[in-house]
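# Observations on the three-dimensional arrangement
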Amino acid sequence: MSDTSVAEAFLVQRDALAQSRWHDIVRPADLAEGEVELRQLRFALTANNITYARFGDAIQYWRFFPIDETRDKGWGQIPVWGIGEVARSRHPQLAEGERVYGYFPMASHLVVTPEPVRAAGFVDAKAHRAELPRTYNEYARLDHDRGYDPARADQHLVLRPLFALSFFLAAHLQDANCFGARQIIISSASSKTAMGLAFLLAQHKPADVRIVGLTSPGNAAFVARAGAYDDVVTYDAITTLPADARAVVVDIAGDHKVLAAVHRHLGDTIAQSIRVGATHWDSAAANEVLPGPAPQWFFTPDHIVRRRSEWGADLLRTRMAAAWGAFVVDTDRWLRIGHGVGRSAIEAAYAEVLAGGVPPEMAHTLSFTQTA
Ligand SMILES: NC(=O)c1ccc[n+]([C@@H]2O[C@H](COP(=O)([O-])OP(=O)(O)OC[C@H]3O[C@@H](n4cnc5c(N)ncnc54)[C@H](OP(=O)(O)O)[C@@H]3O)[C@@H](O)[C@H]2O)c1
């Protein structure tokens, strides 16, 4: 993009996600008092962002970065986790050039109203975000974030948002003594979210609890090599899971066929069935009543609020930082992150992620321009 007066945005058709197009938005000539314009430098794109889009209406992800409904009806901006730099500021506490991490649209610029601003970060107080989960409205000021290592910016972008789920779900299972289970079965075992969960569970679980990674045949060798699970079972071998060992089932990517097969095989030996994502969502199939306990959704923002009040913000930060530090170093063994720049790289990465075609040892970070 050579015209600096416009921001570029990547829009997708909300009910046909494979349809996408670019849209140039005129950047405001002037900011209002208290506003800050962020230029997005880099963002990550993984299966998790596809869940945001699939659940865009049900969980209101489309409402974070609304488009002009009269002109672009039916289109939406998928939220991503990105690093932005203050491009222009009319806020006394935020100077041009400061870098922040948080929720962005797939767009080169975002105007926010930071309020309140603290040393650690700020909340975007724009009216349309007020009713949305606060955790998605928070931006971390990277100079003040002890958990951020600039040398690991790409890992931060790809893994940090997923790690929150891994961390809070592991804490939930540990508190409940794994619901008395002898096996914790995690589907989409090759996903980064599942790898983080398995890593954290392995550190604290009783020796007689086995962590089982369920994965597709094509990804089984990677999962076994990464060594995060006690056992690796492929989707076509679900009936080999021990049917007499009490189980917790964690459905990471929302493949109903896989979850249904596990429930049919294990039925009432399942103590808890937890649903995490919906990368392949088929609502008709998901309404089917399965043997065993009804799957429960795990929504990370609710757990963040709960832990903040139980542990206090400081202890929560300390515990997360310790867990994150250990995990991120471990990912050096198995994760490679590619960085793409410009429209065609963004389009190609989006198509690949949407089709589920990214190899598990790979992830994408993207930038709108080379200068980022
Ligand atoms: N509820 C929450 O708060 C929360 C937070 C973080 C993540 N999640 C969910 O966790 C899931 C994994 O996210 P991630 O970013 O960790 O994924 P990722 O690293 O990109 O993992 C992709 C893996 O998911 C499995 N997969 C199967 N079909 C897929 C498809 N159609 N598209 C993409 N992946 C497919 C594959 O694993 P196998 O071959 O092993 O099946 C693939 O290797 C997503 O559904 C996401 O929404 C939810």
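Look above for the structure.
This write-up is about the structure you can find in this document. Predicted model only: the values in this text are computed from it and were never measured. (Residues numbered from 1 in each chain as written. Predicted model: local features only at pLDDT ≥ 70, side-chain atom pairs only at ≥ 80, totals over all residues. Heavy atoms only, no water.)

## Description of the layout of surface pockets
What counts here: As defined here, a cavity is a set of points on a 1 Å grid over the protein atoms alone where a 1.4 Å probe fits but cannot get out. A pocket is an open set with protein on both sides within 12 Å along at least five of seven lines, and residues line them when an atom is within 4 Å of a point. Grid points are joined across faces, edges and corners, and a volume is the space filled by probe spheres set on the points. Any residue outside Ala, Val, Leu, Ile, Met, Phe, Trp, Tyr, Cys, Pro, Asp, Glu, Lys and Arg is labelled polar, Gly included; the first ten of those are nonpolar and the last four are charged.
The space that makes up the second largest pocket amounts to roughly 440 Å³. Residue lining of the second largest pocket: 26 residues in total, with Ile25, Pro66, Gln77, His109 and Leu110 positioned closest to the centre. In the lining of the second largest pocket, the residues fall into 14 nonpolar, four polar and eight charged.

## Points about the nonpolar core
Rule in force here: Residue types Ala, Val, Leu, Ile, Met, Phe, Trp, Tyr and Cys, when buried and joined through side-chain atoms within 4.5 Å, form a set referred to as a nonpolar core. Exposed residues in this analysis have more than 50% of their type's maximum accessible area, buried residues have under 20%, and partly exposed residues fall in between, with area computed by a 1.4 Å probe over protein chains only. Helix and strand assignments follow DSSP, with helices taken as H or I runs no shorter than four residues and strands as E runs no shorter than two, numbered in order from the N terminus. Source of the domain bounds: an automatic or database domain assignment. Whether two residues touch is decided by their heavy atoms; if any such pair falls within 4.5 Å, the residues are in contact.
In terms of nonpolar packing, the biggest core is built from 92 residues, with Tyr103, Tyr139, Leu169, Ile186, Tyr229 and Tyr350 touching the most fellow members. With twelve residues, the top contributor of residues to this core is helix H2 (residues 153-175). No fewer than three residues from each of domain 1 (6-148 + 335-367) and domain 2 (162-300) sit in this core. With residues up to four places along the chain from it excluded, the contact list for Tyr350 reads Phe10, Val12, Leu17, Leu45, Ile50 and Ile78. In terms of nonpolar packing, the next biggest core, distinct from the first, is built from 15 residues, Val233, Ile238, Leu259 and Leu266 among them.

## Overview of the sheet that holds strand S1 (residues 6-13)
Note: strands within a sheet are paired through backbone hydrogen bonds, in either parallel or antiparallel orientation. Stated precisely, the cut-off is as follows: If DSSP finds at least two bridges between two strands, the strands pair.
Taken together, three strands build an open sheet; the order of strands is S2-S1-S4 and the sheet is antiparallel. Two strands bound the open sheet, and with one partner strand each, they are strand S2 (16-26) and strand S4 (75-76). Summarising the sheet, S1 and S4 pair through two bridges and their orientation is antiparallel. Of the residues in S4, the one forming a bridge with Gln13 is Trp75.

## With respect to the pairing of strand S3 (residues 36-45)
Within S3, eight of the ten residues are buried, which leaves it mostly tucked inside the rest of the structure. The pairing of S3 with strand S7 (residues 109-112) spans four bridges and is antiparallel. Bridged to Val36 within S7 is Val112. Across three bridges, the pairing between S3 and strand S18 (residues 362-367) is antiparallel. Bridge pairing links Leu45 to His364 in S18.

Remember, this is a structural readout, not a statement about activity or role.
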